[in-house]
Amino acid sequence: LPEPRRSFIAEVMAGLIGLVVGVFPFASGLIVFLDPILKRKSAEGGEHPFLRVASLTMLKDGDPPVQVPVIADLVDAWNREVNQPVGAVYLLRKGDDVIAYNAICPHAGCFVGYAAERRCFQCPCHTSSFQLDGKRIGASSPAPRDMDKLQVKIEGDNVLVQFMNFYPGKEKPEVKQ
Amino acid sequence: MSKAFFDWLDDRTGYRDWLHDALYENIPSGARFRYVTGSMLVFAFVVQAITGLFLWMAYSPSSQTAYESVWWIQYRMTGGWLLRGIHHFMAQAMVIVLGLHLLQVVVDGAYRKPREINYWLGLILMQIVMGLGLTGYLLPWDQKGYWATNVATNLATLVPGVGKELQQVAVGGSEYGHHTLTRFFALHAGVLPALLLVFLGLHIAVFRKHGITAHITPNRPDEMFWPKQVLFDAIACLVLLAVVLGFVIHWDIGGLFSAGGLPEHSRGAELGAPSDPSEQYSAARPEWYFLFLFQLLKYFPGSTEIWGAIIIPGLVMGALFFMPIMGRNAMGHRMNVAFLVLLLVGAVGLTIAALVEDHFEVVARQLSFSDANKVKWSKEIKNSQEFRSAQHEAERNAERMRVLINRRIPNDKGELGESMDIQKLGAVYLLRNDPLTQGPKLFGRHCASCHDYRPDVEGYEGPIFQTLQPPKVDASGNVLRDDKGNVQYDEFKTGAPNLFGFGSRKWIEKMLDHASWQRLEYGPPTPSSDPVIAANPEHPDNHKRPVIADYFGATKHRENSAGMENFLKENNLTGDVKRQIASALAAQSVRRLQRGETKLDEQDVAAGIELIKNKCLDCHRFGEDGSLGVAPDLTGYGSYEWMLGMVSDPTHERFYRSQDDNDRMPSFAKDLEKPQNNNVSVRELSLIVDWLRGDYYLDEDGHRVLPHDEETARRTVEDSRRLTLPKREIIGKPASQ
């Protein structure tokens, strides 16, 4: 067997080249893996359009609030389909005003139901409940904030809602991009 | 000969050394059953790898195909349910054995010097197994997995700093879709198993370096791993497999040996209805071994959520991590054991709490709650009722899904074709476009505030809608009472015909009776089912009274000197005339017979057509005769086309003509050019109409029909608005011909 001979340059070069050939495929994969974040960063600041969700005359004054689907283009990676349900909102009419809530619970993102008898919104997952004005019920409600109110515009008989989703679990609503 | 071969093989590979190393490990004081848990875990992993690889060969991760491919495995592939069942239940068994293994390691102090690193490797393995469970739950892409996993990825956003990025990377975007499945599948079948293999290799290598943490019994001789301990391990694995197989067939041993074979509901793992992000799902729960985490979240209000979701689980993992350091002395070791036992008790307690809350309704019934207790726990009982009814609905939808996928339509000769299976749009479209599933929901949302759907037949099991009239209330929100203490009601303002059986002979026959045309009665109010409200007699919810107006008693058509009401009053039609006219009109609806309705009598139809021509054409049009302009067209009365035309725009010339004559019936889809301006899409109206008419698939003769598709529905609405149409013929022969 030959004597082990030290060669600093050979050791460093072997290490470096090994690192490069190993890191390169990993990095090229990682970039694609992180695509959702990288794409979101470049798309930030997009305006959310107002979408028609109901007709004013069809909404009864006062409670119970009605749950209506929000219809828009549904984008799922390579699929884009027009006029698909992309979410749901609760509408509550008060005179000529309409309040709209995103139906998603601000706690962990479940779909909130409406409990007609108790006149409140009730989340089926972790027992958060909300008054008709969207306020949390009970000091120990798991939800960190009230229900997410959406901007409403009324044009003639059409009720339009600026639909957006929010991150659950935050004290202040933060828009999902 | 064979010895020469094995000598040659050993010379070339050195396999005897490997085998010797693997099998001849000394076990101080000999083999014991208590040493089997590690081998059981290896066995469980191997089972998961093998069954998983075969499942992989039939699974297709995308939001259009994931559910569909799992459905195919479960119901159509030979032995598919068994394969899926083993994978599903072995995963759960693995979690239990893992818990035992950890408990054993800590109780025996096997984490102590020099085995600290191996203990940590074990903790990493535990995390990987949990990760496999979490990612696997989503892959069938049914409602349950979809919504439960949604909560888990949402919680990832709570991680400080990089939470949102973490969630985006896991989900492959901000919302669930194709890339969520591709990523979860890559994790579940690639990354995590590879990591598990690496860490398992290290775990076993380090274990062999230090040997087993033996229980020494004096005078009990040492033994080698082979053969006795291997036999013990094999027996334990056999028992594990048998128990798992027991769960796979839901312990339905009788069913296994019954004539028809194992019944469908005892076959392997559950598969719900396909995931639908637009469909509220109130029964979302994680797999049982994550229920304690789910329950923990309920106790952390508001912005403290991060404690339940991340900090406490993190601290617990941290505490487990530090056990080898804590346990250096006897005191520390005892504390470790106490901590772990407490942890397990806590997890079991939380799991039970979660189950009790979800099934509180049953608990209250079993404990025969007093009225006071029912009031006290009303919210919990109500929540549990909602959870359980959502669970039942989920089961119904899953069952309906199977009927729809297996639907077979007869050809012209009446022979059943092949089952129609799933189209490229995916299984969720079958359910979304199923009148039986969607009709009642849509009716409840859009029609039931005025129309009843109230059966008048015995033994009806299905949705019922009954309009209720609220009482007048005073300024404080209590009911308004008169001097005698009677609750006051407004003159009733809503109440349109009961649509149960609309278009049938019976329905029309009754309408032609003056008394039932005008009938308007109120049923006794029913107290609220919420005991808190029911306890307060002044609460308006306890005084909502049912309105019984089968036809036009609560509309402005109730009294009309120039209309139908006057006609009925003055003519007082005989029973025969009513039956004949009703038969003729019912014939126009070409409606499927539902619930005990009998076939129309041809002579009645013929006579009825004559009668209509004699009596009705002053106001109505009927085929080529009569004219529009005064009252609704009777051509095609009650048919799909007529009903769709009516609900999409009752103010149209063919129906009530103007807002004046139409009494508050909304035009749900007047604008065909700009469908986004309609309150209800034509597709949804078609589902309601198909449901009312009974045009939905059932697996019995005469019921094998497909719902109308969206394009047909749109064209039908267009047709319904043409005043003259080449083919608008009367169905049935008039008597004179």
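Our subject is the structure listed above.
As a starting point, this report considers the structure included with it. Because the structure is predicted, anything quoted here is derived from the model rather than measured.

### As for the overall build of chain A
Phase 1 of the analysis: If you tally the helices and strands in chain A, you get two helices and 10 strands.
Phase 2 of the analysis: Listing each helix as α and each strand as β along chain A from the N terminus yields α-α-β-β-β-β-β-β-β-β-β-β.
Phase 3 of the analysis: Here chain A has a C-alpha radius of gyration of 26 Å; the compact-globule value for 177 residues is 16 Å, and the former is much larger.
Phase 4 of the analysis: Seen along its three principal axes, the alpha-carbon backbone of chain A occupies a region of about 95 × 40 × 20 Å.
Phase 5 of the analysis: Taking all 177 residues of chain A together, the buried fraction comes to 41%.
Phase 6 of the analysis: Approximately 9,800 Å² of chain A is accessible, and the part contributed by carbon and sulfur atoms is 61%.
Phase 7 of the analysis: Each charge class in chain A can be summarised by its mean position, and for the 20 positive and 20 negative side chains these summaries are 3 Å apart.

### Things to note about the interface of chain A and chain B
Phase 1 of the analysis: Every contact between the two is made by 56 residues of chain A and, on the other side, 58 residues of chain B.
Phase 2 of the analysis: With both sides pooled, the region where chain A packs onto chain B buries about 4,700 Å², and carbon together with sulfur makes up 49% of that total.
Phase 3 of the analysis: When the area that chain A buries against chain B is broken down by residue, the three leading residues are A:Phe111, A:Glu117 and A:Arg118, summing to 14%.
Phase 4 of the analysis: Linking chain A with chain B are three salt bridges, by the criterion used here.
Phase 5 of the analysis: For A:Lys176, the salt bridge is made with B:Glu175, and the minimal N-O distance between the two is 4.0 Å.
Phase 6 of the analysis: The interface formed by chain A and chain B includes 19 residue pairs in polar contact (both at pLDDT 80 or more).
Phase 7 of the analysis: Among the secondary structure elements, those contributing two or more residues to the side of chain A that touches chain B are helix H1 (8-33), helix H2 (35-43), strand E1 (50-55), strand E2 (62-76), strand E3 (79-94) and strand E5 (113-115) of chain A.
Phase 8 of the analysis: When residues of the side of chain A that touches chain B are assigned to their parent elements, the largest contribution, five residues, is made by E3(A).
Phase 9 of the analysis: Per-class residue counts for the side of chain A that touches chain B are 25 nonpolar, 17 polar and 14 charged.

### Quick notes on the state of the cysteines
Phase 1 of the analysis: Within this structure, the stated rule accounts for one disulfide over all chains.
Phase 2 of the analysis: You can see B:Cys619 has no disulfide; the closest cysteine sulfur is in B:Cys616, sitting 8.6 Å from it.

### Re the pairing of strand E5 (residues 545-548) of chain B
All names here are of chain B.
Phase 1 of the analysis: Across two bridges, strand E3 (residues 468-469) lies against E5 in antiparallel orientation. Its bridge partner being in E5, Leu 468 is matched across the sheet by Pro 546.
Phase 2 of the analysis: The pairing of strand E4 (residues 521-522) with E5 spans two bridges and is antiparallel. If you follow Glu 521 over to E5, its bridge partner there is Ile 548.

### Considerations on the environment of B:Thr574
Residues and elements named next belong to chain B.
Phase 1 of the analysis: In this structure, Thr 574 sits in the loop between helix H23 (564-571) and helix H24 (575-589).
Phase 2 of the analysis: The class for Thr 574 is partly exposed, based on a relative accessible area of 46%.
Phase 3 of the analysis: Taking the C-alpha atoms as reference points, Thr 574 and Ser 62, separated by 512 residues in sequence, lie 64 Å from one another.

### What to know about a nonpolar patch on the surface
Residues and elements named next belong to chain A.
Phase 1 of the analysis: Taken together, the side chains of Phe 8, Ile 9, Val 12, Met 13, Leu 16, Ile 17, Leu 19, Val 20, Val 21 and Val 23 make up a nonpolar region of the molecular surface, amounting to roughly 990 Å² of accessible area.
Phase 2 of the analysis: Here Val 12 shows up in helix H1.
Phase 3 of the analysis: By relative accessible area, which is 36% here, Val 12 ends up partly exposed.

### Re the side chain of B:Ser583
Residues and elements named next belong to chain B.
Phase 1 of the analysis: Relative to the elements of secondary structure, Ser 583 occurs in helix H24.
Phase 2 of the analysis: A relative accessible area of 0% means that Ser 583 is categorised as buried.
Phase 3 of the analysis: Residues contacting Ser 583, with those up to four places away along its chain left out, are Arg 505, Leu 600, Asp 604 and Val 605.

### Describing the sheet that holds E1(A)
All names here are of chain A.
Phase 1 of the analysis: Strand order across the open sheet formed by three strands is E1-E10-E9, with antiparallel pairing between neighbours. Of all strands in the sheet, those with a lone pairing partner are E1 and strand E9 (152-155), marking the two edges. On average, each strand axis in the sheet is inclined to that of its neighbour by 30°, with strand direction left out of account.
Phase 2 of the analysis: Inspection of the sheet shows E9 paired to strand E10 (residues 158-162) by four bridges, in the antiparallel sense. Paired with Val 152 across the bridge in E10 is Val 161.

### So, the nonpolar core
Phase 1 of the analysis: Ranked by internal contacts, the top residues of the largest apolar core, which has 58 residues, are B:Phe443, B:Ile508, B:Met511 and B:Tyr637.
Phase 2 of the analysis: Ignoring anything within four residues of it in the chain, the contact list for B:Ile508 reads B:Gly503, B:Ala582, B:Leu585, B:Ala586 and B:Tyr637.
Phase 3 of the analysis: One finds A:Ala103, B:Tyr67, B:Leu138 and B:Met401 within the second-largest nonpolar core, a separate group that totals 54 residues.

### Quick notes on unusual backbone geometry
All names here are of chain B.
Phase 1 of the analysis: Residue Pro 114 follows Lys 113 across a cis peptide bond; omega there is 5°.
Phase 2 of the analysis: Here Pro 114 is to be found in the loop between helix H5 (80-107) and helix H6 (116-138).
Phase 3 of the analysis: Between Trp 226 and the following residue, Pro 227, the backbone shows a cis peptide bond with an omega angle of 0°.
Phase 4 of the analysis: Relative to the elements of secondary structure, Pro 227 occurs in helix H10 (residues 225-248).
Phase 5 of the analysis: The phi dihedral of Trp 141 falls on the positive side, at around 60°, and the residue is not glycine.
Phase 6 of the analysis: Structurally, Trp 141 is set in the loop between H6 and helix H7 (143-156).
Phase 7 of the analysis: A positive phi angle, close to 55°, is found at Trp 251, a residue other than glycine.
Phase 8 of the analysis: As for its placement among the helices and strands, Trp 251 is situated in the loop between H10 and helix H11 (253-256).

About the criteria used
Residues numbered from 1 in each chain as written. Chains lettered and ligands numbered in written order. Predicted model: local features only at pLDDT ≥ 70, side-chain atom pairs only at ≥ 80, totals over all residues. Heavy atoms only, no water. Helix = DSSP H or I, 4+ residues; strand = E, 2+ residues; numbered from the N terminus. Rg over C-alpha atoms; globule rule 2.2 N^0.38 Å. Buried < 20%, exposed > 50% of the residue type's maximum accessible area, 1.4 Å probe, protein only. Areas by Shrake-Rupley, 256 points an atom, 1.4 Å probe, with all protein chains shown as cover. Lys, Arg positive; Asp, Glu negative; His and termini not counted. Charge placed at Lys NZ, Arg CZ, Asp CG, Glu CD. Contact = heavy atoms within 4.5 Å. Buried area = accessible area lost by both parts, 1.4 Å probe. Salt bridge = Lys/Arg side-chain N within 4 Å of Asp/Glu carboxyl O. Polar contact = N/O pair within 3.5 Å; in protein donor to acceptor, adjacent residues only side chain to side chain. Nonpolar A, V, L, I, M, F, W, Y, C, P; charged D, E, K, R; others polar. Disulfide = S-S within 2.5 Å. Pairing = 2+ DSSP bridges. Patch = residues over 30% accessible without salt bridge, like charges linked within 9 Å, V, L, I, M, F, W, Y side chains within 5 Å. Axes fitted to C-alpha atoms, helices over the stretch in contact; angles between N-to-C directions. Core = buried A, V, L, I, M, F, W, Y, C linked by side-chain atoms within 4.5 Å.

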